[in-house]
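An overview of the molecular structure
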Amino acid sequence: VQVFPPVNFTLTVSALAQVLLHWKPNPNQEQKNYTIRYDVKILTPVPEEYDTKKTHSIQTAALHNGFSAHIRTLLLHNDLQMRSDWVKEKLLPLPGAPETSVTNLSCVTRITISSTVSLHCTWLPGRGAPEDTEYFLFYRYETYTEECQDYIKDKWNRNTECRFSVTHIDPEEVDKLIVIHINGSSKYAAIKPFQQLFNQNAIEKVNVPRNVTVFLEQNDLLATWEKPISPFPKECFEYEFYLFNLKSGNKQILKISSNDFRLWIDVTNRYSVQIRANHHICCTRGFWSDWSEIIYVGKN
């Protein structure tokens, strides 16, 4: 049996950092009682291999340096597996002068009291970017794309920070991707766009634990607190408990997975206590919260 490669293989940019791969079965391929599937191999920017019975596939990827993929027909019959030759297709890198793209892009999200998500990104201008370069940031989450309206500028009046006080990012989703796209303009050079993908939970700056109370019960220090503002349940959080002995200068940082804590201390000394939080079981770990306000306990 001859196995023919798929035909009409195309790559189409369907959204920011999103490619639609599309192909058709080879009209010369015998159908009979075979199962036909397709092997897809993404070569760049991130290698990946998978197979599918569909004739299309959607990939999210940073496209500024291009995208290339191979595809072939898989014929399955009983225990026999036959393959066609590969068909190749690629998207060219996004145009622009070298070293004009932004560098050192970093982004942080926070869940607000009203259960919306804010987004704050910072970057540095490319080494080859002229001084008159203006950068413009867009984020995409699922099907929603939005351009930044609130920039902070450097001393040369170039945009190097962006803030969204409210976004369409869903705080209850787990490990979804946020696409950041930054393009630019200049009178003196074509500015090359830059794209980066962020896991929404990995860039979340977790909120501070709430209602921290600390008291002494004979020789034990007892501490209780509530989980940070978050749609995730309390089982999702871990804490660090920072105990500082003001008399001896001893410091202890203890990892805790519950919302309360008991520790024997020398009650003739005075201590300061702080707690911070992160999520870890329900989703990717984020950025640790800030420390809670200092609480003093003990002698005097």
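What counts, and where the lines are drawn
- Residues numbered from 1 in each chain as written.
- Predicted model: local features only at pLDDT ≥ 70, side-chain atom pairs only at ≥ 80, totals over all residues.
- Heavy atoms only, no water.
- Phe/Tyr/Trp six-rings, centres within 6.5 Å; stacked < 30°, edge-to-face > 60°.
- Helix = DSSP H or I, 4+ residues; strand = E, 2+ residues; numbered from the N terminus.
- Buried < 20%, exposed > 50% of the residue type's maximum accessible area, 1.4 Å probe, protein only.
- UniProt positions renumbered as here; feature names shortened; annotations may be inferred.
- Core = buried A, V, L, I, M, F, W, Y, C linked by side-chain atoms within 4.5 Å.
- Contact = heavy atoms within 4.5 Å.
- Pairing = 2+ DSSP bridges.
- Axes fitted to C-alpha atoms, helices over the stretch in contact; angles between N-to-C directions.
- Lys, Arg positive; Asp, Glu negative; His and termini not counted.
- Salt bridge = Lys/Arg side-chain N within 4 Å of Asp/Glu carboxyl O.
- Polar contact = N/O pair within 3.5 Å; in protein donor to acceptor, adjacent residues only side chain to side chain.

Right, let's get into the packing of aromatic side chains. In this description, an aromatic ring pair is defined by two values, namely the gap between the centres and the angle between the planes. Applying the stated criterion across every chain yields a total of eight aromatic pairs. Aromatic side chains Trp-23 and Tyr-38 sit 5.7 Å apart centroid to centroid with 65° between the ring planes, which places their arrangement in the edge-to-face category. Within this pair, whereas Trp-23 is found in strand 2 (residues 18-24), its partner Tyr-38 is found in strand 3 (residues 35-44), the two being separated by 15 residues in sequence. Overall, the relative accessible area of 4% leaves Tyr-38 in the buried class. Their ring planes at 70° and their centres at 5.3 Å tell us that Trp-225 and Tyr-239 sit as a pair that is edge-to-face. A residue pair is termed long-range when its members are at least 10 positions apart, and Trp-225 in strand 18 (residues 220-226) and Tyr-239 in strand 19 (residues 237-245) qualify at 14 residues. The pair Trp-225 / Tyr-239 is uniform in exposure class, with both members buried. One aromatic cluster in this structure is built from Trp-225, Tyr-239, Phe-241 and Phe-261.

Once that is clear, we can look at the UniProt feature "domain: Type I cytokine receptor cytokine-binding" (unreviewed entry) in the protein. Annotation from UniProt places "domain: Type I cytokine receptor cytokine-binding" (unreviewed entry) at residues 104-202. Along residues 104-202 the backbone is 0% helical and 53% strand, and the end-to-end C-alpha distance reaches 17 Å.

In this structure, Leu-105, Cys-107, Cys-121, Trp-123, Leu-137, Ile-180 and Ile-182 are the most contacted members of the largest nonpolar core, which totals 24 residues. If we skip the residues at most four places from it in the chain, Cys-107 touches Leu-119, His-120, Cys-121, Ile-180, Phe-198, Ile-203 and Phe-287.

It is worth spelling out unusual backbone geometry at this point. A cis amide bond links Thr-44 to the next residue, Pro-45, at an omega of 5°. Tracing the sequence through the fold places Pro-45 in the loop between strand 3 and strand 4 (48-52). Backbone geometry at Asn-104 places phi at a positive 50°, although glycine is not the residue there. The topology assignment puts Asn-104 in strand 9 (residues 103-111). Look at Asn-104 and you get exposed, because its relative accessible area is 58%.

For the rest of this paragraph, the subject is the side chain of Lys-205. Position of Lys-205 among the secondary structure elements: in the loop between strand 16 (194-199) and strand 17 (210-217). Those residues in contact with Lys-205 that lie beyond four places of it in its chain are Val-108, Thr-109, Arg-110, Phe-287, Trp-288, Ser-289 and Asp-290.

Strand order in the open sheet formed by three strands is 1-2-5, and the pairing between neighbours is antiparallel. Only two strands of the sheet have a single neighbouring strand rather than two, namely strand 1 (7-15) and strand 5 (56-60). Between one strand axis and the next, the sheet turns through 20° on average, direction left out of account. The pairing of strand 2 with strand 5 spans five bridges and is antiparallel. Each bridged residue has a counterpart across the sheet, and for Gln-18 the counterpart in strand 5 is Thr-60.

Moving on, we come to the pairing of strand 7 (residues 80-83). Residues in a regular strand point their side chains to alternate faces of the sheet. Sheet topology note: the strand 6 (residues 67-77)/strand 7 ladder contains four bridges and is antiparallel. Following the sheet pairing, Leu-75 is matched in strand 7 by Met-82.

Take Arg-140: it is sitting in strand 11 (residues 134-141). It turns out Arg-140 is buried and unbridged, and the closest side chain with the opposite charge, Glu-142, is 6.4 Å from it. Looking at Arg-140, its side chain comes within polar contact range of the main-chain oxygen of Glu-142, at 2.8 Å. Contact partners of Arg-140, with chain neighbours within four places excluded, come to Ala-15, Leu-16, Ala-17, Gln-18, Thr-60, Thr-145, Leu-177, Ile-178 and Val-179.

Here the focus is the sheet that holds strand 22 (residues 270-279). Reading across the sheet, the four strands line up as 20-19-22-23 and stay open at both edges, with antiparallel pairing between neighbours. The sheet is open, and its two edges are formed by strand 20 (251-256) and strand 23 (295-298), each paired on a single side. Within the sheet, the average angular offset between the axes of one strand and its neighbour, ignoring direction, is 25°. The sheet contact formed by strand 19 and strand 20 spans six bridges and is antiparallel. If you follow Glu-240 over to strand 20, its bridge partner there is Lys-255.

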